[in-house]
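Below are the chains, spelled out letter by letter.
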Amino acid sequence: VFADVVGALRFDAGVVDGSHRVQLRIPQGEIRALTLRLPAGMIATGFSGPQVATWRYDPASATVEARFAAPVSGGWCGLLSTRTAAADAASVAVGLPLVVGAEQQRGVVGLYATPMVALEMAHGGTALADADFQREAGELAADPLLAGATLRQARRLDAEATPLVV
């Protein structure tokens, strides 16, 4: 399984809400379940996609486990909603979900902020041009979650889900 994860994170006073598109390419065989490991401090608030029968978030292991109604082969795409508390106003670590068991994973994230929030990148990821992020994000960039927020930065993340500290 090969995974592409595109995330849009909206920074607001005290909280970071996320919308993540998880796209899988399954070159051979099929999968009956999917497990995502979330970065520290991030919780899942919703998960949807074709053939998703059930899903659950386990806070102890910071994982999302989804079971499919029927085996999935070829390709699959789902949407994960997340929330991260930003108790420390000076900095917060964020990242992308990691697809457990993927042979390879690519990830890009757009950092959006409301006018009340100033974002400064401390470290993590590789800069990505806003236009390149918009192209990769597609319809995710139009998510209602992002209403009232502006894209401030876009970053490419490695497969190990290196956290961004902003």
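Bear in mind that the values here come from a model prediction, so they are computed numbers and not experimental data.

Draft legend 1. Layout of the side chain of arginine 10. Looking at the element boundaries, arginine 10 is found in strand S1 (residues 2-12). Here aspartate 12 takes part through its side chain, which lies 3.1 Å from a polar atom of the side chain of arginine 10. In this view, arginine 10 contacts Val15, Val16, Asp17, Tyr112, Thr114, Leu145, Leu146, Ala147, Gly148 and Ala149; residues no more than four positions away in its chain are not counted.

Draft legend 2. View of the nonpolar core. Core analysis: the biggest nonpolar cluster contains 32 residues, and Phe11, Leu24, Leu34, Leu36, Phe47, Trp76 and Val99 have the highest contact counts within it. Broken down by secondary-structure element, the contributors of at least two residues to this core are S1, strand S2 (15-37), strand S3 (42-48), strand S5 (63-85) and strand S8 (104-113). With seven residues, the top contributor of residues to this core is S2. Setting aside chain neighbours within four positions, we find valine 99 in contact with Ala3, Val5, Val22, Leu24, Leu34, Thr35, Leu36 and Gln105.

Draft legend 3. Summary view of the pattern of salt bridges. Enumeration over the complete set of coordinates arrives at nine salt bridges. Arginine 21 serves as the salt-bridge partner of glutamate 139, at 3.7 Å between the closest nitrogen and oxygen. Separated by 118 residues along the polypeptide, glutamate 139 in the loop between helix H1 (130-137) and strand S10 (150-157) and arginine 21 in strand S2 bring together distant segments of the chain. Glutamate 139 sits in the exposed class, given a relative accessible area of 58%. What makes arginine 21 buried here is its relative accessible area of 11%. Put simply, Asp4, Arg106, Glu136 and Arg156 are held in one network by salt bridges that share partners.

Draft legend 4. A look at the confidence of the model for the protein chain. Overall, the predicted model of the protein chain reaches an average pLDDT of 90, with 93% of residues at or above 70. Looking at the elements of the protein chain, mean pLDDT is at its lowest for strand S11 (residues 164-165), recorded as 68, and at its highest for strand S4 (residues 52-58), recorded as 98.

Draft legend 5. Representation of the pairing of S5 in the model. As judged from the 18 bridges shared by S2 and S5, these two strands associate in the antiparallel manner. Bridged to isoleucine 31 within S5 is valine 72. The pairing of S3 with S5 spans six bridges and is antiparallel. Along S5, the bridge assignment pairs phenylalanine 47 with leucine 80. Taken together, the six bridges between S4 and S5 define a ladder with antiparallel strand orientation. Among the inter-strand pairings, valine 52 is bridged to a residue of S5, identified as phenylalanine 68. Taking the residues that link successive antiparallel strands as the turn, the S4-S5 hairpin has four residues, and the phi of alanine 62 there is positive, at about 55 degrees.

Conventions and cut-offs
- Residues numbered from 1 in each chain as written.
- Predicted model: local features only at pLDDT ≥ 70, side-chain atom pairs only at ≥ 80, totals over all residues.
- Heavy atoms only, no water.
- Helix = DSSP H or I, 4+ residues; strand = E, 2+ residues; numbered from the N terminus.
- Polar contact = N/O pair within 3.5 Å; in protein donor to acceptor, adjacent residues only side chain to side chain.
- Contact = heavy atoms within 4.5 Å.
- Core = buried A, V, L, I, M, F, W, Y, C linked by side-chain atoms within 4.5 Å.
- Buried < 20%, exposed > 50% of the residue type's maximum accessible area, 1.4 Å probe, protein only.
- Salt bridge = Lys/Arg side-chain N within 4 Å of Asp/Glu carboxyl O.
- pLDDT = per-residue confidence, 0-100.
- Pairing = 2+ DSSP bridges.

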